[in-house]
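Here's the letter readout for the chains.
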Amino acid sequence: ETGVTQTPRHLVMGMTNKKSLKCEQHLGHNAMYWYKQSAKKPLELMFVYNFKEQTENNSVPSRFSPECPNSSHLFLHLHTLQPEDSALYLCASSPSWGRGLPLHFGNGTRLTVT
Amino acid sequence: TQLLEQSPQFLSIQEGENLTVYCNSSSVFSSLQWYRQEPGEGPVLLVTVVTGGEVKKLKRLTFQFGDARKDSSLHITAAQPGDTGLYLCAGANYGGSQGNLIFGKGTKLSVKP
């Protein structure tokens, strides 16, 4: 029981496709995050939602669009991606944002853009 | 901009050997976390260190936070193949507008039987 579930685990999409990544957490947490993990780079924070409100958008291109309908669910909508967007996308949650609390991660979606 | 440098980047050892990996910064952190990420999975928290000079042990893993809270180390005794994975450190600062964790690039450890 991971507590944070991500689907799909793997995704291959063309540059003109539209797809969505889904994340669900069963931990009762109020903050949810999207991270991008690429080889030879630190984990890159993309978006943060705290109590369903977006608190961080780290200069992420508009081809990535987050959605947080409630504190348990987080989506990342993808459209017209570039090959350099291929990476592991990790969802995480924590009790709240802003206090450096440890993160609980899902197992990620491995995205390949062709 | 705060950065965390992890070294070595890669480490390949035989089962039973000891090893130490490092996490260094020129900045002070309120606390530091260590995560392990196994292939095909997300990172999992191992430990949080908060006080300068603090030492925490988790079975064969020993974590230390530097006195000045700018660096940390992870020592593994008698490594086992199950220790294989990517070890990430992450620094946190409380308060102000910076509420997020700063991650290092990680140390990729391979323990061969």
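In short, a report on the structure. (Residues numbered from 1 in each chain as written. Chains lettered and ligands numbered in written order. Predicted model: local features only at pLDDT ≥ 70, side-chain atom pairs only at ≥ 80, totals over all residues. Heavy atoms only, no water.)

1. As for the pattern of salt bridges
All names here are of chain A. Convention followed: Put simply, a salt bridge is a Lys or Arg side-chain nitrogen that is within 4 Å of an Asp or Glu carboxyl oxygen. Strands are runs of DSSP state E lasting at least two residues, helices are runs of H or I lasting at least four, and both sets are numbered from the N terminus onward. Summary of the burial criterion: residues with accessible area below 20% of their type's maximum are buried, those above 50% are exposed, and those between are partly exposed, where the area comes from a 1.4 Å probe applied to protein chains only.
With the rule as written, the count across this model stands at four salt bridges over all chains. For the salt bridge of Asp85 with Arg63, the shortest nitrogen-to-oxygen distance reads 2.7 Å. Taken together, the residues Asp85 in the loop between β8 (73-79) and β9 (87-94) and Arg63 in the loop between β6 (53-57) and β7 (64-70) connect sequence positions 22 residues apart. Arg63 carries the same exposure label as Asp85, and that label is buried.

2. Some points on the nonpolar core
Worth spelling out the cut-off: Among buried residues, the Ala, Val, Leu, Ile, Met, Phe, Trp, Tyr and Cys ones that are joined through side-chain atoms within 4.5 Å form a nonpolar core.
Formed by 22 residues in total, the largest nonpolar core has its most connected members in Trp34, Phe64, Leu76 and Leu78 of chain A. Those elements giving two or more residues to this core turn out to be β2 (10-13), β3 (18-25), β4 (31-37), β5 (44-50), β7, β8, β9 and β11 (109-113) of chain A. Residues Leu19, Trp34, Leu46 and Val49 of chain B belong to the second largest nonpolar core, which totals 21 residues.

3. Quick notes on the sheet that holds β3 of chain A
Residue and element names in this part refer to chain A. Operational definition: Think of it this way: DSSP has to see at least two bridges between two strands before they count as a pair. Axis angles are defined between N-to-C directions and span 0 to 180 degrees, where every axis is a line fitted to C-alpha atoms and, for a helix, only to the segment in contact.
Sheet architecture is open: four strands sit in the order β1-β3-β8-β7, paired in antiparallel fashion. Since the sheet does not close on itself, it has two edges, and those belong to β1 (4-7) and β7, each with one partner. Mean inter-strand twist for the sheet, computed between neighbouring axes without regard to direction, equals 15 degrees.

4. Focus: the interface of chain B and chain A
Definition in use: The criterion used for residue contact is that any of the two residues' heavy atoms lie within 4.5 Å. Accessible-area loss on putting two parts together, using a 1.4 Å probe and summing over both, is the definition of buried area adopted here. Only Asp, Glu, Lys and Arg are considered charged, only Ala, Val, Leu, Ile, Met, Phe, Trp, Tyr, Cys and Pro nonpolar, and every remaining residue, Gly among them, polar.
Taken residue by residue, the interface counts 22 residues in chain B and 23 residues in chain A. Of the roughly 1,600 Å² buried where chain B meets chain A, counting both sides, 54% is carbon and sulfur surface. Interface area lost by chain B to chain A is led by Asn100, Phe103 and Lys105 of chain B, which between them contribute 31%. For the pair chain B and chain A, the interface holds zero salt bridges. Residue assignment for the side of chain B that touches chain A shows that the elements contributing at least two residues are β4 (31-37), β5 (44-49) and β9 (85-92) of chain B. Per-class residue counts for the side of chain B that touches chain A are nine nonpolar, eleven polar and two charged.

5. Some points on the sheet that holds strand β1 (residues 5-7) of chain B
Residues and elements named next belong to chain B. The five strands lie next to each other as β1-β3-β8-β7-β6, forming an open sheet whose pairing is antiparallel. Here the strands that pair on one side only, and so sit at the sheet edges, are β1 and β6 (55-58). Averaged over all pairs of adjacent strands, the angle between strand axes in this sheet comes to 15 degrees, irrespective of strand direction. Examined bridge by bridge, β6 and strand β7 (residues 61-65) share four bridges and lie antiparallel to one another. Its bridge partner lying in β7, Lys56 is registered against Phe63.

6. Regarding the pairing of β5 of chain A
Every regular strand shows the same layout, with side chains that alternate between the two sheet faces. Residues and elements named next belong to chain A. The element β5 is largely enclosed, with a buried count of six among its seven residues. Both β4 and β5 contribute to a ladder of six bridges, which runs antiparallel. Along β5, the bridge assignment pairs Met32 with Tyr49. Here β4 folds back onto β5 in antiparallel fashion, the turn holding six residues, of which Lys40 has a positive phi close to 65 degrees. Relative to β6, β5 runs antiparallel, the two being bridged by four bridges. What sits directly across from Phe47, in β6, is Asn57. Between β5 and β6, which pair antiparallel one after the other, the connecting turn spans two residues, and Phe51 there sits at a positive phi close to 50 degrees.

7. Describing the environment of Leu45 of chain B
You can see Leu45 of chain B is positioned in strand β5. As a C-alpha pair, Leu45 of chain B and Tyr87 of chain B span 42 residues in sequence and 9.9 Å in three-dimensional space.

8. Here we look at the side chain of Ser72 of chain B
All names here are of chain B. Counted only if it meets this: For the purposes of these results, a polar contact is taken to be a pair of N or O atoms within 3.5 Å, where, inside protein, one atom must be able to donate a hydrogen and its partner to accept one; residues adjacent in sequence count only when each atom of the pair is a side-chain atom.
Along the chain, Ser72 turns up in strand β8 (residues 71-76). In terms of polar contacts, Ser72 uses its side chain to reach the side chain of Trp34, at 2.9 Å. At 2.7 Å, the side chain of Ser72 forms a polar contact with the backbone oxygen of Gln64. Here Ser72 is in contact with Val21, Tyr22, Cys23, Leu32, Trp34, Val49, Gln64 and Phe65, once residues within four sequence places are set aside.

Such coordinate-based values are descriptive only and should not be taken to indicate function.
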